[in-house]
Amino acid sequence: LFGFAHAVVARDPVILAFGSIWEPGVLQDAPGRFMPFAERDDSGIRERDLLNSEIDADRMETLYRELQVNRDPFWSMAFRVESGSAATGVPDVVRYLSPIRDEGRLLGATAVDLGTSAFREISHRIGISDRRWLLMNGEGRGIVAQHEAAAVLTGRESIRDVELDQMFRLADGGDLDDLLRSVRSGASVVTIVEPVGTTIADADLGRRVAALTRIEATDWILVMGEPVDVLTGPAEVLVQRRAIRAGLVVIAALAVVLVGAWRAVLRPTRRIVDAVERAAAGDSTARSGLVGNDELAVLGRAIDEAIPRMEELATTRVSLESARQVQQAMLPPADIATDRVRISGRVRPSEETGGDYFDHGVFDDGSVVFGLGDATGHGLPSALFASTARAYVRAMLRREQALDPAISEANDLLVDDARGGLFMVLFVAAWSPVDAVLRVGSAGHPGWLLRHDDDAYRMLDAPGVPLGIAPGGTFGTAEVGGVHGGDLVLVASDGAWEVRNPAGEQLGTAALLAHAATLRDLPPDEQVDRLFDHITGFADGRPLDDDCTIVIARFD
């Protein structure tokens, strides 16, 4: 946990600290409350348990109790960093908490710390660094962060800890509290405001146009705006130009009627139609070749620019289809079907290509190996990463056969290829017909076992860290004896149980496993098909949010 937190902080300089808090008893080596954190300071990144710091522990406990009540992720208000902490030199910090759950049970939470100055860096990333903006809490009471130019918007040189109604009043005399309630409910509001006094050299900046919107997953309100004359000045110039242009158009129209409409309208129209018809017939070199600033010339140039882009789009779609076919070709060509074991699997990517794969094979001694990998994200980058991981895992299993060293060596190779935050969770199982023992290896992904005399699937417990995060990782292994006589193993990627219906509700692991148990008497390939039908029916027309893979093995 310390190493993972360290890696998260190291990936992005905006992050000051990352860590987690765990309920007593959740972790075997931490019977009490455990708060592993990694924090950035001037000398680098250090790791510590927040329980060793009374101030930080009390603050985390207070926020965690709020999470226990509401069960939803949230951002804290900015709090002052104490002297001597890891983030010394950052005046204020905000903390984001998100729950860690397992089928409704709260196990703990993750926490991310950002300095309020980080919001200025974020404003550069999202393209509003040249705007006047400030962040306030949902009640309009207190500033979370601000842009340096916000003083012109607010009429105050310093707006730290100033309430919204101390800066603005609505120009139409409306109630500011009513406006805030509307924004908190999800509406984005643009209105005219007037400053409540000014302090910038006692200059009256006049009315402002202000836009207010709630930031998703927070109770914060983003306020952006400009003085009215800054916005209306260009508009007035534009209106004047449009008026002059309209007059010229009228004169030009009369001239066209007098000297021949075909010279100004018909001829360029024909050239545009000809270019479109040639492009539709497959001629990518077709162009209208129109020049000038009139509407038809602008239309012609737009079509001229669109024709090669259409060809590029077609080429891209062909490339994606080729990538999809290559990835599909790497999946097992047929199910395993012997007198002792039958294995079937299927992948449904959420895009043309995906980050899921499954694999299976039979060794010379008759033992059977099968597994599933799920790379972060989806699309072409995840597909390439998953393909690389599949090659490493398959090669190491053929060389080692023992699961733990094979997964460890594949991870060390994959770490060198992991870029941009990519990693992969993995589940591998090996079954020997000699002793009917199922050996399980995991890199952060679960599997489930349904014994012939049980009514429900139970998790195969072999915890481990995902592949591609750090070399020398620890990967869990376990053994289950006497696997035969109709026992089933089910492995599915998280896209199978995180699918949502049009109401936004998730299917969930429990519902997926419960339905899978009712299909136990069917052949594995029919079970896989029926589970995908169940997932599609639950989604009710809503597209998959993530790649979906299901593998089922039956031992007889």
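The present account deals with the structure reproduced in this document.

Each value, and the rule that gives it
Residues numbered from 1 in each chain as written. Predicted model: local features only at pLDDT ≥ 70, side-chain atom pairs only at ≥ 80, totals over all residues. Heavy atoms only, no water. Helix = DSSP H or I, 4+ residues; strand = E, 2+ residues; numbered from the N terminus. Buried < 20%, exposed > 50% of the residue type's maximum accessible area, 1.4 Å probe, protein only. Contact = heavy atoms within 4.5 Å. Core = buried A, V, L, I, M, F, W, Y, C linked by side-chain atoms within 4.5 Å. Pairing = 2+ DSSP bridges. Axes fitted to C-alpha atoms, helices over the stretch in contact; angles between N-to-C directions. Polar contact = N/O pair within 3.5 Å; in protein donor to acceptor, adjacent residues only side chain to side chain. Expected span 1.5 Å × (residues − 1). Left-handed = near helix turned anticlockwise from the far one by under 90°. Nonpolar A, V, L, I, M, F, W, Y, C, P; charged D, E, K, R; others polar. Parallel < 35°, antiparallel > 145°, perpendicular 65-115°, else oblique. Arc of directions from axis to C-beta. Salt bridge = Lys/Arg side-chain N within 4 Å of Asp/Glu carboxyl O.

With respect to the overall build of the protein chain
Check the secondary structure of the protein chain and you find 12 helices and 24 strands. In the protein chain, buried positions account for 44% of the 556 residues. Of the contacts formed within the protein chain by residues at least 6 apart in sequence, a portion of 58% connects residues at least 24 apart.

Regarding the nonpolar core
Residues Phe370, Leu426, Leu438, Leu467, Val489 and Phe555 are the most contacted members of the largest nonpolar core, which totals 48 residues. Counting residues in hydrophobic clusters, the runner-up holds 23 residues, among them Tyr457, Leu512, Phe532 and Ile550.

Focus: the sheet that holds strand 24 (residues 548-555)
Strands pair in a sheet through their backbones, by hydrogen bonds, and they do so in one of two ways: parallel or antiparallel. Across the sheet, 6 strands lie side by side as 14-15-24-23-20-21; this open sheet has antiparallel pairing. Each of the sheet's edge strands pairs with one partner strand only, and the pair in question is strand 14 (336-337) and strand 21 (458-460). Helix 12 (residues 524-539) contacts strand 15 (341-348), strand 23 (487-492) and strand 24 of the sheet and is inclined by roughly 150° relative to strand 24.

What about the side chain of Thr549?
Tracing the backbone through its elements, the reader meets Thr549 in strand 24. Of note is the side chain of Thr549, whose polar atom sits 3.0 Å from the side chain of Asp356. Residue contacts for Thr549: discarding those within four places in its chain leaves Arg346, Val347, Asp356, Phe358, Leu372, Val491, Ala492 and Ser493.

Quick word on unusual backbone geometry
Notably, Glu103 is not glycine yet its phi reads approximately 55°, a positive angle. Tracing the sequence through the fold places Glu103 in the loop between strand 6 (92-102) and strand 7 (105-115). Positive phi, close to 55°, is recorded for Asp540, a residue that is not glycine. Here Asp540 shows up in the loop between helix 12 and strand 24.

With respect to the side chain of Asp359
Within the fold, Asp359 resides in strand 16 (residues 356-362). Excluding residues within four positions of it along the chain, Asp359 makes contact with Pro332, Val369, Phe370, Gly371, Arg390 and Arg394.

A word on the pairing of strand 2 (residues 36-41)
Bridging between strand 1 (residues 15-22) and strand 2 involves 3 bridges; their strand directions are antiparallel. When the bridges of strand 2 are listed, Gly19 appears paired with Phe37. Here strand 2 runs beside strand 3 (residues 44-49); their pairing, made up of 6 bridges, is antiparallel. Along strand 3, the bridge assignment pairs Arg40 with Ile45. In textbook terms, the turn of a hairpin is the stretch between consecutive antiparallel strands, and for strand 2 and strand 3 this stretch comprises 2 residues.

Observations regarding helix 10 (residues 403-415)
For helix 10, with 13 residues, the first-to-last C-alpha span of 18 Å sits near the 18 Å given by 1.5 Å per residue. Turning to helix 10, its buried residues are Leu403, Ala406, Ile407, Ser408, Ala410, Asn411, Leu414 and Val415.

Remarks on the pairing of strand 7
Burial within strand 7 is extensive, with 9 of its 11 residues counted as buried. Examined bridge by bridge, strand 1 and strand 7 share 7 bridges and lie antiparallel to one another. From the neighbouring strand, Phe18 faces strand 7, where its bridge partner is Val112. Two successive antiparallel strands, strand 6 and strand 7, enclose a turn made up of 2 residues, where Glu103 displays a positive phi of approximately 55°.

Focus on the packing of helix 9 (residues 380-400) against helix 10
Running from N to C, helix 9 and helix 10 cross one another at 145°; their axes reach a closest spacing of 8 Å. Here the hand of the crossing between helix 9 and helix 10 comes out right-handed. Note on element contacts: helix 10 touches helix 9 through Leu403, Pro405, Ala406, Glu409, Ala410, Leu413 and Leu414, opposite Phe385, Thr388, Ala389, Tyr392, Val393, Met396, Leu397, Arg399 and Glu400. The residue makeup of the contact of helix 9 with helix 10, split by class, is 12 nonpolar, 1 polar and 3 charged.

With respect to the packing of helix 11 (residues 509-517) against helix 12
Put simply, helix 11 and helix 12 touch, their axes get as near as 10 Å, and they point 140° apart. For the element pair helix 11 / helix 12, the angle class is oblique. Both helix 11 and helix 12 take part in a crossing whose hand is right-handed. Taking contact as the criterion, the partners of Leu512, His515 and Ala516 in helix 11 are, on helix 12, Gln527, Arg530, Leu531, His534 and Ile535. Classifying every residue of the contact of helix 11 with helix 12 by side-chain character gives 4 nonpolar, 3 polar and 1 charged.

Re the environment of Glu23
Counting through the fold element by element, Glu23 comes out in the loop between strand 1 and strand 2. Residues Glu23 and Phe34, spaced 11 residues apart in sequence, show a C-alpha to C-alpha distance of 7.3 Å. For Glu23, the residues in contact, after removing those within four places along its chain, are Gly32, Arg33, Tyr64, Gln68, Leu106, Leu107 and Gly108.

Focus on helix 3 (residues 118-125)
Those residues of helix 3 not exposed but buried are Ala118, Phe119 and Ser123. Taken around the axis of helix 3, the buried residues stretch over an arc of 145°, which confines them to a single face. Gly127, located one to two residues past helix 3, shows a positive phi value of around 85°.

Some details on the pattern of salt bridges
On inspection of all chains with the given rule, the structure shows 11 salt bridges. With a shortest N-O distance of 2.1 Å, Asp178 and Arg181 are connected by a salt bridge. Residue Asp178 and its partner Arg181 are located together in helix 5 (residues 176-184), separated by 3 residues, close to a single helical turn. The class for Asp178 is partly exposed, based on a relative accessible area of 41%. Residue Arg181 is classed as partly exposed on the basis of its relative accessible area of 44%. Asp529 is the salt-bridge partner of Arg346, the closest N and O atoms lying 2.8 Å from each other. You can see Arg346 sitting in strand 15 and its partner Asp529 sitting in helix 12, a full 183 residues away along the chain.

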